[in-house]
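So the chains spell out like this:
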Amino acid sequence: DRWIDYKKWTKITEGRVSTGDPTGFLGTVHKGPKGYREIFVNDIGIETNQGSAPYKYPVGTVVVKEQYNNKAAWEAQKTPDLTIMVKVADNGAMDASNWRFSDSYTSKADNNGFCSGCHTIAAKDDFVFTNEDFFESQ
């Protein structure tokens, strides 16, 4: 239910789709370097996301990433794969345990070691890769 209306949220990739492998760590995750990704953030986290570092998202922030195989699939708006991040706690430290991850629209967000392990690379940005500083560095 937390992300049922995500298409009504702010699409932070509006006019600037995310593709390639800007971190060098993507591999095949999120459709890999040839994948096209659209990212949506709910109202709770949008002000933080559109701000500047240091990023510290409030509890209740939800980030939804649509993932398409390639540019043609993205342009056709074929049904994307989804991954979701939910900020569930704030223990005062930049800690992956504050976040829960879901690898699909219907699965429950949980403490996913695979997701949190990769997102640790973005620990300084509260585990969220795609923010205003990210786009400015592109």
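Above this text sits the structure in question.
Residues numbered from 1 in each chain as written. Predicted model: local features only at pLDDT ≥ 70, side-chain atom pairs only at ≥ 80, totals over all residues. Heavy atoms only, no water.

A. The arrangement of the pattern of salt bridges in detail. Following the criterion strictly, the structure yields 8 salt bridges and no others. Notably, a salt bridge pairs K7 with E66, separated by 2.7 Å at the nearest N-O pair. Of this pair, K7 sits in the segment before β1 (10-11) while E66 sits in strand β4 (residues 62-68), and the two are 59 residues apart along the sequence. When the shortest N-O distance is used, the salt bridge between E132 and R16 registers 2.6 Å. Of this pair, E132 sits in helix α4 (residues 132-136) while R16 is found in the loop between β1 and β2 (18-19), placing the two residues 116 residues apart along the sequence. The buried category is assigned to E132, whose relative accessible area is 16%. R16 sits in the partly exposed class, given a relative accessible area of 29%. Salt bridges linked by common partners bring K11, E14 and E38 together as one network. (Salt bridge = Lys/Arg side-chain N within 4 Å of Asp/Glu carboxyl O. Helix = DSSP H or I, 4+ residues; strand = E, 2+ residues; numbered from the N terminus. Buried < 20%, exposed > 50% of the residue type's maximum accessible area, 1.4 Å probe, protein only.)

B. The environment of P80, seen in detail. As for its placement among the helices and strands, P80 is situated in the loop between α2 (71-75) and β5 (81-87). When the C-alpha atoms of P80 and Y36 are compared, they prove to be 9.6 Å apart, with 44 residues separating the residues in sequence. Apart from the residues lying within four places of it in its own chain, the contact partners of P80 are E66, Q67 and Y68. (Contact = heavy atoms within 4.5 Å.)

C. Summary view of the environment of C118. With respect to the helices and strands, C118 occurs in helix α3 (residues 113-119). It is 13 Å that separates the C-alpha atoms of C118 and S97, two residues lying 21 residues apart in sequence.

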